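Observations on the three-dimensional arrangement
In case you want the letters, here they are:
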Amino acid sequence: MHGVVLDENNAPMQSVNIMVKGTDKITSTNNRGEFQIKDVQATTVLVVSSVGYSRQEITVNGKSDLRIQLKVAIGTLDEIQFVAYGTTTKRLNTGNVTTIKASDIEKQPVQNPLLTLQGRVPGLVVIQPSGLAGSSVRIRIQGQNSIANGSEPLYVVDGVPIDPQLPRTGNDYVLGSSGAIFSGWGNPLNYINPSDIESIDILKDADATAIYGSRAANGAIMITTKKGKAGVMKFDLNSQVGFGKMIRRLDMLNTKQYLEMRYEAYANDGIDWTSPSISADDLKVWDTTRYTNWQDQLLGGTAKFTNFNTSVSGGAATARYFISGTYHKETSVFPLSEDFADRKGTLHFNMDANSMNSKFKLQLSGNFMADNNQLPQNDITQTALLLEPDAPPLLNADGSINWAPDANGNTTLSDANVMIQRYKKYVNKTYNLVSSLNLGYTIFPRFELRSSFGYNYMQTNDYSPGPLIAVAPELRTTTVRGANFGDRNIQSWIMEPQASYSSKISKGKIELLVGVTLQNKNVNSGYIYGNGQLSDELLNNLYAAANIYKNNSLSSNYKYNAFFGRINYNWSDKYIVNINARRDGSTRFGANNRFHDFGSLGGAWIFSNEKIIRSKAGIISFGKLRSSYGSTGSDQIGDYQYMSLYNLYSNAPVPYQGIAGLIPAGLPNPNLQWEETWKLQAGIDLGFLQDRVIVNVTWVRNRSSNQLLRYSLPNTAGFTSYYVNFPAIIQNRNWEFAVTGKISQGKDFNWTCNVNLTLPKNKLVSFPNLSTSTYASRLIVGEPIDVLSNYHYLGVAPGSGDYLFSDRNGHPVLEPNTATDRTSLISTFQKLYGGFQNNLTYKSIQLDFLFQFVSQVGYNDVSFWNGSRYPGMFTRGNSNQPVTVLGRWQKVGDKASVAKFSTGEVATVLDSDHRYTNASFIRLKNLAFYWSLPQKWVDKVHFRSFRIYLHGQNLLTITNYKGLDPETQSMTSLPPLRIWTIGFQAGL
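As annotated in an unreviewed UniProt entry, the chain is TonB-dependent receptor plug domain-containing protein from Niastella koreensis. Quoted verbatim from the Sequence similarities (unreviewed entry) heading of the UniProt record, the comment on the chain is "Belongs to the TonB-dependent receptor family." Under the Subcellular location (unreviewed entry) heading, UniProt states for the chain: "Cell outer membrane".

One ladder, built from 11 bridges, connects strand E18 (residues 303–315) with strand E19 (residues 319–331); its direction is antiparallel. Across the sheet, Phe305 pairs through a bridge with Glu330, a residue of E19. Counted along the chain from E18 to the antiparallel partner E19, the turn is 3 residues long. Of the strand pairs in this sheet, E19 and strand E20 (residues 341–354) are connected by 13 bridges, and their pairing is antiparallel. What sits directly across from Phe322, in E20, is Asn350.

This brings us to the nonpolar core. In terms of nonpolar packing, the biggest core is built from 52 residues, with Leu250, Leu298, Phe334, Leu394 and Leu974 touching the most fellow members. For this core, the elements supplying multiple residues, two or more each, are helix H3 (255–269), helix H5 (294–299), E18 and helix H6 (381–386). Per element, the largest residue contribution to this core is 5 residues, and it comes from H3. Of all hydrophobic cores here, the second largest spans 24 residues; its members include Leu114, Val126, Ile192 and Ile223.

We now examine the side chain of Gln459. If you trace the backbone, Gln459 turns up in strand E23 (residues 447–466). Since its relative accessible area comes to 15%, Gln459 is described here as buried. At a separation of 3.5 Å, a polar atom in the side chain of Gln459 contacts the main-chain carbonyl oxygen of Arg488. Here Asn489 takes part through its side chain, which lies 2.6 Å from a polar atom of the side chain of Gln459.

The sheet built from 3 strands is open, its strands ordered E4-E1-E7 with mixed pairing. This sheet does not close on itself; its edge strands, each paired only once, are strand E4 (34–36) and strand E7 (65–69). The average undirected angle you get between the axes of adjacent strands in this sheet is 25°. Where strand E1 (residues 2–6) and E4 come together, 3 bridges link them in antiparallel fashion. Residue pairing for E4: Val4 is matched across the bridge by Glu34.

So, on to the sheet that holds strand E41 (residues 812–813). The 3 strands are arranged E39-E40-E41 in an open sheet whose pairing can be described as antiparallel. Of all the strands in the sheet, the pair left with one neighbour each is strand E39 (792–796) and E41. Relative to E41, strand E40 (residues 803–806) runs antiparallel, the two sharing 2 bridges. Bridging across to E41, Ser806 finds its partner in Pro812.

So, about the packing of aromatic side chains. The final tally for this structure, using the stated rule, is 31 aromatic pairs. Ring geometry for Tyr791 versus Phe805: centroids 6.2 Å apart, planes at 55°, classification tilted. Of this pair, Tyr791 sits in the loop between strand E38 (788–790) and E39 while Phe805 sits in strand E40, placing them 14 residues apart in sequence. Take Tyr791 and Phe805: they sit in the same class, and that class is buried. Through a chain of ring-to-ring contacts, three or more aromatic side chains come together here, namely Tyr711, Tyr722, Phe726, Phe767 and Tyr775. Across the ring face of Phe340, the terminal group of Lys425 is positioned such that the distance to the ring centre comes to 4.9 Å. The ring of Tyr930 is capped by Arg947, whose NZ or CZ atom sits 3.9 Å from the centre of that ring.

Attention now moves to the pattern of salt bridges. Counted under the stated rule, the structure contains 34 salt bridges. Across the salt bridge formed by Asp78 and Arg91, the nearest N and O atoms sit 2.8 Å from each other. You can see Asp78 sitting in the loop between E7 and strand E8 (80–83) and its partner Arg91 sitting in the loop between strand E9 (86–89) and strand E10 (97–101), a full 13 residues away along the chain. When its relative accessible area of 12% is taken as the criterion, Asp78 is described as buried. We note a salt bridge from Asp163 to Lys521, for which the minimum N-O separation is 2.7 Å. Highlighted residues: Asp163 in the loop between strand E14 (160–162) and strand E15 (197–203) and Lys521 in strand E25 (residues 508–531), separated in sequence by 358 residues. A relative accessible area of 7% means that Lys521 is categorised as buried. Linked by salt bridges that have partners in common, Asp104, Lys107, Arg120 and Asp848 make up one network.

Our focus in this paragraph is the environment of Val739. Along the chain, the position of Val739 falls in strand E36 (residues 729–745). Linking Val739 and Asn756, residues 17 residues apart in sequence, is a C-alpha distance of 6.4 Å. With near-sequence residues (within four places) excluded, Val739 lies in contact with Val693, Ile694, Val695, Cys753, Asn754 and Val755.

Among the structural elements, Trp273 can be located in the loop between H3 and helix H4 (281–284). A residue is classified by how much of its surface remains accessible, and Trp273, at 23% relative accessible area, is partly exposed. Along the sequence, Trp273 and Tyr263 sit 10 residues apart, while their C-alpha atoms lie 7.9 Å from each other. Dropping the residues within four chain positions of it, Trp273 is found in contact with Tyr263, Tyr266, Ile278, Leu283 and Lys284.

With 15 residues, H3 should cover 21 Å at 1.5 Å per step; its first-to-last C-alpha distance of 21 Å lies within 8% of that length. What H3 keeps buried is the set Thr255, Tyr258, Leu259, Met261, Arg262, Glu264, Ala265 and Tyr266. For H3, the elements touching its buried residues are H4. Its side-chain oxygen at 3.2 Å from the backbone nitrogen of Lys256, Asn254 defines the N-terminal cap of H3. Downstream of H3 by one or two residues, Gly270 has phi in the positive range, about 70°.

With that out of the way, let us pick up the side chain of Asn171. Mapped onto the fold, Asn171 is located in the loop between E14 and E15. Taking relative accessible area as the criterion, Asn171 reaches 3% and is therefore assigned buried. Side-chain polar atoms of Asn171 contact the side chain of Asp462, separated by 3.1 Å. Each residue touching Asn171, except ones within four places of it in the same chain, is listed here: Tyr426, Asp462, Tyr463, Ser464, Asn484, Phe485, Gly486 and Tyr527.

Within strand E32 (residues 675–688), 10 of the 14 residues are buried, leaving the element largely enclosed by the surrounding structure. Bridge analysis of strand E29 (residues 620–634) against E32 gives 14 bridges, and the strand direction is antiparallel. Across the sheet, Leu625 pairs through a bridge with Ile684, a residue of E32. Alignment of E32 against strand E33 (residues 693–705), held across 13 bridges, turns out to be antiparallel.

At Asp39, a position not held by glycine, the phi torsion is positive, near 55°. Following the sequence through the fold, Asp39 ends up in the loop between E4 and strand E5 (45–50). Asp39 gets classed as exposed once you look at its relative accessible area, which sits at 67%. Positive phi is not limited to glycine here, since Asp691 has a value of about 65°.

Procedures and definitions
Residues numbered from 1 in each chain as written. Predicted model: local features only at pLDDT ≥ 70, side-chain atom pairs only at ≥ 80, totals over all residues. Heavy atoms only, no water. UniProt positions renumbered as here; feature names shortened; annotations may be inferred. Pairing = 2+ DSSP bridges. Helix = DSSP H or I, 4+ residues; strand = E, 2+ residues; numbered from the N terminus. Core = buried A, V, L, I, M, F, W, Y, C linked by side-chain atoms within 4.5 Å. Buried < 20%, exposed > 50% of the residue type's maximum accessible area, 1.4 Å probe, protein only. Polar contact = N/O pair within 3.5 Å; in protein donor to acceptor, adjacent residues only side chain to side chain. Axes fitted to C-alpha atoms, helices over the stretch in contact; angles between N-to-C directions. Phe/Tyr/Trp six-rings, centres within 6.5 Å; stacked < 30°, edge-to-face > 60°. Lys NZ or Arg CZ within 6 Å of the ring centre and 35° of its normal. Salt bridge = Lys/Arg side-chain N within 4 Å of Asp/Glu carboxyl O. Contact = heavy atoms within 4.5 Å. Expected span 1.5 Å × (residues − 1).

Structural data, given as structure tokens:
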């Protein structure tokens with residue numbers, strides 16, 4: 001018999017599998033969607049399957065010619081998954097891959113795509129360290145593999161690799177760090193629009209990542225943007241507005257309590273605070289009857305959100321298009337003008353086409369963003385918490401800065417007056433372009449030549465002024481106004497020619513892929529300081545500066561090439577073998593070790609397709625065992641580390657012969673080698689009740705070796721250290737669980753539930769000669785690599801009011817021995833994490849909500865101090881304390897939780913386990929409510945669809961943690977905001 005397979009748009013489908021049910025007879029369609037099967041009986045049932053499409057079982061009924069039309073899969077097992085250089089489905093995948101679709105991404109009012117993954121992906125940790133717009137995001141896939149270097153995953157947008165870290169500009173520290181030692185600030189995916197994303201695939205094991213080689217040693221995150229679909233032209237509009245507020249407040253001392261603390265501290269120290277030699281502006285100059293809740297004043301504002309997106313899409317069977325544009329604006333909760341806002345404009349397009357015979361294929365895509373982000377130069381959260389409650393108003397009645405001068409005319413506020421930030425604006429203007437071109441031609445059936453070309457261009461210019469208006473009046477005569485000008489330019493291109501071949505061998509199908517990667521990246525960054533301008537208004541003009549000083553700069557070129565290949569063999573959808581191999585070359589290593597080989601072997605057994613098992617499976621409708629083993633490498637050490645390094649010295653008062661000099665910056669090591677990670681993973685996937693319930697269980701053991709670390713040198717060498725490879729081994733062992741259940745499926749009501757859970761464990765397996773190295777004080781074999789050795793806290797001594805600690809023998813001491821008494825080991829790595837998502841639909845109403853949960857230990861900075869100063873000390877802007885310090889020792893015999901107040905430091909307690917606490921939490925991460933208007937209403941106004949929605953983010957946190965936020969665990973940065981937005985989606 002003959003037949004043809006078409007998609008929903010009547011376009012022929014190539015490489016569709018057609019199998020005679022109950023036998024091993026199988027074939028596939030050609031480039032015209034045609035197939036042929038011999039010796040077919042009238043009662044034969046054909047099983048038709050293709051990646052990303054729903055499987056169909058078709059009874060021949062004596063027909064000799066069939067026309068089969070496949071629909072895009074909506075079931076969990078057959079939805080398309082993007083993997084390196086190809087696609088697959090969860091049913092046939094031998095690797096560990098999790099996919100997040102646009103339907104989940106669009107429900108979250110966030111501007112970094114990584115934040116849409118929180119609580120949704122087993123094995124993935126995503127932390128948002130700050131609530132400021134455009135700030136950093138920290139991410140780890142299956143744990144931390146490197147002791148001191150980059151553990152960031154590979155980001156790929158439409159086949160184009162994106163830098164996991166941004167080089168410094170010199171001004172951008174307010175954006176926060178994403179975690180790498182050598183990195184800059186912020187996060188590169190802040191410049192990718194979530195509204196343009198179709199799916200995000202997280203690749204975790206060696207089978208999924210080894211073909212990416214060294215770039216994916218820490219996993220890979222593949223972002224696929226939206227594409228057009230054949231059909232009539234569609235116009236879609238999505239508009240939303242909303243607001244953000246602080247989630248929590250800290251209970252800080254009021255003025256009466258604060259003054260009591262200060263007076264008591266002086267009394268305990270035997271100091272007369274009224275003495276002229278004692279500086280105590282909070283007691284002598286400020287109005288001690290005044291009280292201000294600075295959290296309400298400085299953090300109690302409302303951040304405003306606006307997002308407007310339009311798109312046009314459509315096409316025919318041979319050409320399709322998708323074009324979209326987005327405008328986004330968000331302000332902050334700080335009491336600053338609306339000029340302090342992040343404004344983004346984006347343009348996305350995708351065009352793909354194929355010839356009439358489907359032999360030639362072309363796809364062109366582009367993503368452009370222009371971002372103008374204006375923030376204060378410093379996050380004012382810490383000052384809002386710690387500014388003294390009797391501090392004077394920050395503004396005068398006329399709106400000018402209140403410097404609160406003393407009797408001598410000297411300011412008593414200075415930098416503690418954070419309202420000077422309205423004049424010290426940090427401006428970051430970034431332009432980002434990611435574009436790709438894919439070409440393919442089928443030479444003969446099942447043999448295709450194709451190539452991808454990618455280009456990424458990012459340009460950042462930022463500006464931080466230091467105007468005199470932000471300087472205390474008495475200091476202006478000796479202060480020179482000036483401004484910092486930073487820039488960052490990243491240009492990279494990649495070309496990957498490939499050849500693929502597929503064929504039927506025996507009772508299975510084999511697919512072969514070979515290719516070459518050529519990548520080049522140029523990075524330039526740095527900043528210039530100019531001062532001596534005539535007025536504050538001229539600070540933004542570098543040419544108006546009387547003096548220009550060249551500060552830190554970076555210029556680097558990174559080249560990378562590779563040869564890769566893959567063999568995939570699928571025997572009757574029962575036994576699947578996947579082999580990957582790659583040879584990488586990187587300019588980050590010397591000639592001796594520039595190339596390295598990586599590879600993996602993955603396999604899967606779909607035992608539910610075995611006749612004997614299928615007949616006795618009962619409620620089990622699908623079952624698969626999978627496993628993989630392989631190696632990947634890492635070159636995340638920065639460029640030129642193997643060479644002798646020099647820095648420019650261009651600010652010498654008298655340059656030698658007028659020429660800029662060089663300063664030695666690093667010793668060479670031509671023998672530097674790749675860090676290498678060997679990944680062993682195994683799992684089982686089960687479907688129950690006709691796949692209404694899907695269970696995934698994965699066991700992970702990743703071991704990373706050949707650690708790139710600094711080797712300490714004596715000062716006489718001219719440098720304190722240089723990079724070498726240490727034979728240390730780090731292990732990450734995880735259990736990952738995921739359950740998807742369609743609890744109810746009816747005509748009017750549907751309920752789907754997703755749960756995921758990860759149990760991670762990190763440890764240092766071995767480190768030869770650790771005890772004689774400089775890392776002996778920070779690493780312990782058998783413990784996590786972030787382990788901290790602390791004194792064990794016992795409480796407060798009833799007799800003296802000082803903190804008590806345990807020595808190594810368990811005896812209480814006031815001053816423990818640094819070398820022997822650090823017996824308490826603390827790790828802040830997460831012990832357990834996951835998420836619980838529900839989606840409920842009743843007729844035209846939809847409700848979706850996600851709970852994120854984390855078990856961890858974190859910093860306890862509000863129990864016995866304020867994270868900056870000890871109770872009783874005074875440093876303007878940093879002296880107020882949480883109310884918990886009122887449980888202090890006051891007299892002999894007191895059973896207290898806090899030591900006696902003092903105007904001096906009590907440093908030892910910071911090195912004890914008293915500084916850590918349970919920071920576990922459960923958070924209502926996301927809520928989305930939709931109401932689709934009745935179709936008869938929509939038809940009257942000639943719309944295709946119309947629905948109204950309400951989105952919420954970070955809505956509720958359940959925790960015993962006493963600080964601002966258990967996720968950030970910081971007193972110095974604004975925590976993630978509670979966000980509500982309301983909007984509508986309309987289709988024409």
